[in-house]
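Coordinate analysis (summary)
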Amino acid sequence: MSTQTYRPLYQRPRSLSPVRNSYCPGCHHGIVHRLLAELIDELQIQERSVIVAPVGCSVLAYNFFEIDAIQAAHGRAPAVATGIKRVHPEMVVITYQGDGDLAAIGTAEIVHAANRGERITTIFINNANFGMTGGQMAPTTLIGQKTETTPEGRDPLRNGFPLRVSEMIASLTGPTYVARVAVYTPPLVAKARSSIKKALLAQIEGRGFGFVEVLSTCPTNWGLTPLQATKWLEENMVPYYPLAEFVGGPQG
Amino acid sequence: MERVLMKGTEACAEAAIKAGCRYFFGYPITPQNEVASYMSKRMPVVGGVYLQGESELASINMVMGASAAGARAMTSSSSPGISLMQEGISYMVGCQLPAVIVNFVRGGPGLGGIGPAQSDYLQATKGGGHGDYNLVVLGPSSIQELVDLMKDAFEIADRYRNPVMVLADGIIGQMMEAVQFKFEIDPMTLPTKTWALDGAKGRSKRLINSLDLVPERLEQHNWNLQAKFTQAAETEVRWEEFMLDDAETVLVCFGTVARIAKKAIENARQKSIKVGMIRPISLWPFPQTPFNKVMAGAKRFLVVEMNAGQMVQDVRLAVCCQRPIRFSGKPGGTTFNPEMIEKLIWDLEEEDKR
């Protein structure tokens, strides 16, 4: 009788907690969580990483990673991360924030952390609305997009224009790596993984601030099926929010 | 021991460093800007970090991060800035994180002015932010006491894993006095914080968090916090008794006003007026014991504050309708001189005769 050895090709990353997450079916948070956990394993930083969870859909992110964690007030994750990093420069400090947290209430904190070139890494999930509170308008909501608080669609005369956060961060001198990615096809997932890795390496190698914006679906609040939501993201969000490496890429 | 002539704000900063604090985050606001400028010079020398936040919101959250990382951390501000920090203070209480926050109070409300005031007493002693909580609040009345209380503040914060507020005012911040530093703590010698975030190496992950979506569990968390506050209320209460032995008129003052009132009391005593003072040093917990001690001999209480009447509410609770209480206040950044307080004492004597 022959003995066979099996090599696992795909398994749960060590840094991803073996628990059910709290995200809706079809939401992209789960994919991004997995990518981040895979990279924490690959870069062998599990024992010196800390994640700063935001307020919003990913408020419970501290339950989903097997690393030290702290939950920050709405929008303040970059400031909390700054405090941790200044005490433990050898640690890898990651903020994980949505568009209500980072692009609305927390714009001051993210802009100034980026501008200081703070040696932290920020993952920014842009799903064009406030997910956790039930789908209200976010700064990232597109023109004409219907939400709980823009029932007739976002009117720029009343509500201003969708905020392109990556471009804003990229306009600063401080950041080392800034990219916008998406995860709705396998090649895009691979690209997103590469970008998050670059953002982490910028910190690990002490070069500076890394920022990755991930366009994400919100099927529940958009009122679409997961597949329809993916199509909506591709057709509506990608044209307004171009996928690119703004700082630290081949041309950066 | 060497005595150094120092401004209150700078003495406060040096005391924090000597208390083992190596992380200061702050945002400029008058009348306490020298704390930040002093820290920006000294912290790099002692291997610490001074960082100017983009706002008081950012600064208090940087303090929260540094505290979560296990360090003694602090910020300093004045009234409008302290209002902005209430969010972070509430989060730190919920997360059970120590920190020291110094408020050099100025006149309010709103932008108010830059004159010295005591008008943040209620904000400081009744919680200040959202949720059921208290901070231990220490109210120095001299620069030496400010120095000594800074050390106590860091120790109390660590002991209870709760922020501590030092409530000073613009006078204490801006005047100069000779001070002694009777302590020098090397932060490396402080006990390791077994809850701090320093990387899950050889241990399971740690979480610092104020969120709990299960109401029953959050209720229990609140009772656990309350148990700490009860313990602090018993252990951390402190006050000064001044010329109380035979006092018929008992002044109750804190901070700068108490300093001024002492001169007024000494002057009145020379004219054979039986007057003394209870000076709460811990504003929370508020000292009940000295009130019980003086009640039999006291005919009346006189509360003098640089506000429109805030600590007087706690005095009413402490006296519990057993004696009349008079209040005199000066809000908006104005203050008393000894003659004004002595006149208040004389007026009460005259009223008694009528």
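Read on for a plain summary of the structure. (Residues numbered from 1 in each chain as written. Chains lettered and ligands numbered in written order. Predicted model: local features only at pLDDT ≥ 70, side-chain atom pairs only at ≥ 80, totals over all residues.)

**Comments concerning the overall build of chain A**
What counts is decided by this rule: The helix and strand labels rest on DSSP assignments: H or I over at least four residues marks a helix, E over at least two residues marks a strand, and numbering proceeds from the N terminus. Radius of gyration means the value over C-alpha atoms here, while the globule rule gives 2.2 Å times the residue count to the 0.38 power. Here a residue counts as buried when 20 or more other C-beta atoms fall within 10 Å of its C-beta, as exposed when 12 or fewer do, and as partly exposed in between; the C-beta atoms come from the backbone.
Assigned secondary structure in chain A consists of nine helices and seven strands. In summary, chain A has a C-alpha radius of gyration of 18 Å against a globular reference of 18 Å for 252 residues, a match within 12%. In terms of its C-alpha atoms, chain A occupies a principal-axis envelope of roughly 70 × 50 × 35 Å. When the 252 residues of chain A are sorted by exposure, 54% land in the buried category.

**As for the packing of helix α1 (residues 8-18) of chain B against helix α6 (residues 143-160) of chain B**
Angle between the axes and distance between the axes are the two parameters that describe a pair of packed helices. Residues and elements named next belong to chain B. Note the cut-off: Helix axes are fitted only over the stretch in contact, all axes being lines through C-alpha atoms; the angle between N-to-C directions runs from 0 to 180 degrees. Angles are sorted into four bins: roughly parallel if under 35 degrees, roughly antiparallel if over 145, roughly perpendicular if 65 to 115, and oblique for all others. Two helices crossing with the near one rotated counterclockwise from the far one by less than a right angle form a left-handed crossing, whereas a clockwise rotation gives a right-handed crossing. A residue pair is marked as a contact if its C-beta atoms, positioned from the backbone, fall within 7 Å. When residue character is reported, Ala, Val, Leu, Ile, Met, Phe, Trp, Tyr, Cys and Pro are called nonpolar, Asp, Glu, Lys and Arg charged, and the others, Gly included, polar.
Contact geometry for α1 and α6: axes closest at 8 Å, N-to-C directions at 25°. The orientation of α1 relative to α6 falls into the category roughly parallel. The way α1 lies across α6 gives a crossing that is right-handed. Residue-level contacts link Gly8, Ala11, Cys12, Ala15 and Ala16 of α1 to Ile143, Leu146, Val147, Met150 and Lys151 of α6. A per-class count over the contact of α1 with α6 returns eight nonpolar, one polar and one charged.

**Things to note about the interface of chain A and chain B**
The condition is simple: Two strands pair if DSSP finds at least two bridges between them.
With 29 residues of chain A in contact, the opposing surface of chain B contributes 35 residues. Those elements that place two or more of their residues in the side of chain A that touches chain B are β1 (49-53), β2 (68-71), α2 (77-87) and α4 (107-115) of chain A. Ranked by the residues each element gives to the side of chain A that touches chain B, the list is headed by α2(A), at eight residues. Of the residues that constitute the side of chain A that touches chain B, the class distribution is 15 nonpolar, seven polar and seven charged. Where β2(A) and strand β9 (residues 207-208) of chain B come together, two bridges link them in parallel fashion.

**Section: the pairing of strand β2 (residues 23-26) of chain B**
All names here are of chain B. Going by this rule: Note on handedness: a crossover is taken as right-handed if, strands pointing away from the viewer, the path from the first strand over the helix to the second is clockwise.
By the alternation rule, side chains of β2 split into Tyr23 and Phe25 and Phe24 and Gly26, which are all buried. Two elements, β2 and strand β3 (residues 49-52), share four bridges in a ladder whose sense is parallel. By the bridge assignment, Phe24 is partnered in β3 with Tyr50. Read as a crossover between parallel neighbours, the route from β2 over helix α2 (residues 33-45) to β3 is right-handed.

**Considerations on the sheet that holds β3(B)**
Hydrogen bonds along the backbone pair up the strands of a sheet, which may run parallel or antiparallel. Residues and elements named next belong to chain B. Read across the open sheet, the seven strands follow the order β3-β2-β4-β5-β7-β6-β13; overall the sheet is mixed. Every interior strand has two partners, whereas the edge strands, β3 and β13 (282-284), have only one. Mean inter-strand twist for the sheet, computed between neighbouring axes without regard to direction, equals 20°. In this sheet, strand β4 (residues 73-77) lies alongside β2 in parallel orientation, the contact comprising two bridges. Bridging from a neighbouring strand, Tyr23 pairs with Ala73 of β4.

The values are spatial; any link to function lies outside them.
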